[in-house]
Amino acid sequence: MVSRDNRIGGDRRTEGCMSFLLKHRELALSLIIVLMVTGISIYAPAFATFENAASVLNDTSILCMLALGQMMVILTRGIDLSVASNLALSGMLSASLAQNYPDLPVIAFIAVAIATGLVLGLINGSLVAWLGIPPIVVTLGTLAIFRGMIVVYGGGNQVNASEMGDVFQSFPKVTFFGLSTIFWIMAVVAIAAWLFLSMTRVGRGLYAVGGNPVAARYCGIDLAPQQLLVYSVAGSISGLCGYLWVSRYGVAYSEIASGFELTVIAACVIGGVSIAGGVGTVAGALLGALFLGVIVNALPVMQITPFWQMAISGIVILAAVVVNARAEKRGVKLILPEARLAAGAAK
Amino acid sequence: MSLAPRQDVADAAPKSIADRLLRWESILVVLLIAVIVGNTAISPYFLDIYNLSDATYNFSEKAIVALAMALLILVREIDLSVAAIIALASLAIGLAAQAGAGLPVLLLIGPLVGAACGAFNGFLVTRIALPSIVVTIGTMSLFRGLAQVVLGDQAITQYPKNLTAIGQSYLIKWPPLPYSFVIFLALAVIFAVVLHKTALGRKLYAIGNNPVAARFSGIPVDRIRFMLFVLTGLLAGLAAVLLTARIGSTRPNIALGWELEIITAVILGGVSIAGGSGTIPGVVLAVFILGLATFGLSLVNVPGIVISVLLGLLLIVSIALPIVVRRLMQKRPAG
């Protein structure tokens, strides 16, 4: 079996500085982000302004929320490749409601987006939990289906900013303390996710299921309801982000957020979420997303062409997995190491 | 990840007729016949020999990569970077063409770059012991990112005539068979023989079922995994040659999203994502089902994105249906 730090209990041993940082990935990642921001700011002082920091946070909030949903799925050894398609479809339905009834209260648009996302998440969850189809197969299929449904529903038309109405579009542009509502919604989602994962029985159960499904089953934790739950949560978050994305960028069509699912998974991986399940923290996922957000926003400031963005995020992902792998050594457990030592000594 | 065996490896072929009929490949044959009959019914142009031969252009390149991907998934690995490898290999071909290289160089450089990319994936997976899904999400960004850095928003469109002839003309005049399709068929035969008739093939099943037990049985698990990543890269490079020759241009978004289509074909072909089961005939049948369904629907002007909805449904329903049927059959005697 795979041995790894499940982050259920704290480590009380005293350690060297380097291995301390490797164990406390969130701290290491925050340190790297701080160093990176400092470095960029020395090169380009414009980067260190409050306005720019706020814009980085606003830009990254949607990725942060999606990463949190994705993390819960990955915790149970699953994966959800359909989040970006879900986002696009939910955003489209919400925008289309705004197009037909522009004077509804904004909560109606948000509710439609979340409800759509929830239903799509339930579809994924049912197929995974009840039929036992591997998550990657299910969400590979729904990735194509959800995005295609946008064209089936809207006939390939797009909803433009001028057709959405002011109520729909003004909500994400409202700011408190210099930060947009998108950021504050992300903060609420993050706190809720943290409370859920660290304080509730069901939340702790997700780590148990991912860490060792067989042991979790013997403890009376059932996998199927957990799976249904995480895909529904990930779906609802995608739906919410669908509204936020469409209202922020002012256009809804079939290609929005295309390929974004892999950025979301990358954020999780950078944040130390183990693809093998059972390992991951809210802080880690947020920092992973923030890391990518800082890079994307720093490139223009550093006067590097945006064409570098993809290659750099590839290098960052690879570096992150290599570092994480050093922290959690993978290998086959030797059941009786003493016996082998004894055998070796006898020879 | 759990390392317990997931599939029973059959020692002999299925015995009874019922066993044969319930095999996944038999279901795929029925599906393929349904696709052909359906397409013939909705369009009179479907069964035209030249139309069918043109249809093979659209799936042969993906099908070539799917063969190698099937072996990777069989041993519990996956490569999401194949489409990005195609982009990088196509860039290499483009740069070589700009430098005035001759046809042999153009034909060789694609597979070489592809194999190098595959070796990089294989190194990270087998030597540093990283999960392949994460590694290849990273290299997918890296490889396509490098292509994007070099190309920017430009495209390379100057290719010599003798290269584009390979992508745009028939290798055999009658029946009209394009180069890519003939290469795919030849590779499919080789892959089927190696997987189903040789010791190496049995070793792949052993690794997919239980890598630890396979290692303890003396199978060089990591070396074989590494070689499979190189092979996948190599065939992606070959696909890049054929694709570049066919469309005569290299853009940063070339083959974008192909990795998911290729994996869909492999899974529909009956290769278990958990490893250890699947056949090459299954994958070949799935490639034909997906390719001909896409072609038939586009003949009657169904938009591409709607076709992808139908193919997504086909994937989920074809995997879900046998599970539902099996559950119902199990419940009946009990109730």
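Given the structure is predicted, the values throughout are model-derived calculations rather than measurements. (Residues numbered from 1 in each chain as written. Chains lettered and ligands numbered in written order. Predicted model: local features only at pLDDT ≥ 70, side-chain atom pairs only at ≥ 80, totals over all residues.)

### Observations concerning the overall build of chain B
Helix and strand content of chain B: 14 helices and 2 strands. Judged by the C-alpha coordinates and their principal axes, chain B covers about 70 × 55 × 35 Å. For chain B, the residues scored as buried account for 50% of the 335 residues in total. Intrachain contacts of chain B at a sequence separation of at least 6 include 79% that bridge at least 24 residues. (Helix = DSSP H or I, 4+ residues; strand = E, 2+ residues; numbered from the N terminus. Buried ≥ 20, exposed ≤ 12 C-beta atoms within 10 Å, placed from the backbone. Contact = placed C-beta atoms within 7 Å.)

### Quick look at the environment of Tyr170(B)
All names here are of chain B. With respect to the secondary-structure elements, Tyr170 resides in strand 1 (residues 170–172). Assessed through the 15 C-beta atoms surrounding it within 10 Å, Tyr170 is described here as partly exposed. Considering only alpha carbons, one finds Tyr170 and Ala199, 29 residues apart in sequence, at a separation of 36 Å. Discounting residues that sit within four places of it in the chain, Tyr170 has contacts with Pro176, Leu177 and Pro178.

### Comments concerning the interface of chain A and chain B
Listed per partner, the contact involves 43 residues of chain A and 39 residues of chain B. Of the residues forming the side of chain A that touches chain B, the biggest block, 14 residues, is contributed by helix 6 (residues 135–154) of chain A.

### Here we look at the nonpolar core
Residues and elements named next belong to chain B. With 213 residues, the main nonpolar core has Ile86 and Leu88 as its most contacted residues. For this core, the element with the highest residue contribution is helix 11 (residues 221–247), accounting for 15 residues. Residue contacts for Ile86: discarding those within four places in its chain leaves Ala236, Ala239, Ala240, Leu243, Ile254, Ala255 and Trp258. (Core = buried A, V, L, I, M, F, W, Y, C linked by C-beta atoms within 7 Å.)

### Quick word on the packing of helix 7 (residues 161–168) of chain B against helix 11 of chain B
Residues and elements named next belong to chain B. Closest axis-to-axis distance for the helix 7/helix 11 pair is 7 Å, and the angle between their directions is 100°. One way to sum up the angle between helix 7 and helix 11 is to call them roughly perpendicular. Where helix 7 approaches helix 11, its residues Leu163, Thr164, Ile166, Gly167 and Gln168 are matched on the opposing element by Leu242, Ala245 and Arg246. Residue composition of the contact of helix 7 with helix 11, by class: 4 nonpolar, 3 polar and 1 charged. (Axes fitted to C-alpha atoms, helices over the stretch in contact; angles between N-to-C directions. Parallel < 35°, antiparallel > 145°, perpendicular 65-115°, else oblique. Nonpolar A, V, L, I, M, F, W, Y, C, P; charged D, E, K, R; others polar.)

### Focus: the environment of Ser90(B)
All names here are of chain B. Mapped onto the elements of the fold, Ser90 is located in helix 4 (residues 82–98). With 30 C-beta atoms packed within 10 Å, Ser90 lands in the buried category. Once the C-alpha coordinates of Ser90 and Pro176 are considered, the two residues, 86 residues apart in sequence, prove to be 26 Å apart. If we ignore the near neighbours within four places in the chain, the residues touching Ser90 are Ala240, Leu243, Thr244, Thr250 and Ile254.

### Some points on helix 7 of chain B
Residues and elements named next belong to chain B. Of the positions making up helix 7, those classed as buried are Leu163, Ile166 and Gly167. An end-on view of helix 7 places all buried positions within 95° of arc, on one side of the element. Within helix 7, the exposed residues directed more than 90 degrees away from the buried face are Lys161, Asn162 and Ala165. In this structure, the buried residues of helix 7 make contact with helix 5 (103–126), helix 8 (179–197) and helix 11. (Arc of directions from axis to C-beta.)

### Observations regarding unusual backbone geometry
Backbone geometry places Phe177(A), a non-glycine residue, at a positive phi of 50°. Along the chain, Phe177(A) falls in the loop between strand 2 (175–176) and strand 3 (179–180). A residue is classified by how many C-beta atoms lie within 10 Å of it, and Phe177(A), with 7 of them, is exposed. If you check the backbone angles, Ala129(B) has positive phi at about 55° while not being a glycine.

### Some words on the environment of Gly78(A)
Residue and element names in this part refer to chain A. Take Gly78: it is sitting in the loop between helix 3 (50–75) and helix 4 (83–100). Given 26 C-beta atoms within 10 Å, Gly78 falls into the buried group. When the C-alpha positions of Gly78 and Tyr231 are compared, they lie 9.1 Å apart, and in sequence the two are 153 residues distant. Once residues lying within four places of it in the same chain are set aside, the contact partners of Gly78 are Val73, Val128, Pro135, Gln227 and Val230.

### Looking at the packing of helix 3 of chain A against helix 13 (residues 260–270) of chain A
All names here are of chain A. Two elements in contact, helix 3 and helix 13, have axes separated by 9 Å at closest approach and are oriented at 70°. Overall, the two elements helix 3 and helix 13 adopt an arrangement that is roughly perpendicular. Counting all contacts with helix 3, which are made through Leu63, Leu66, Ala67, Gln70, Met71 and Ile74, the residues of helix 13 involved are Thr263, Val264, Ile265, Ala267 and Cys268. Residues of the contact of helix 3 with helix 13, tallied by class, amount to 9 nonpolar, 2 polar and no charged.

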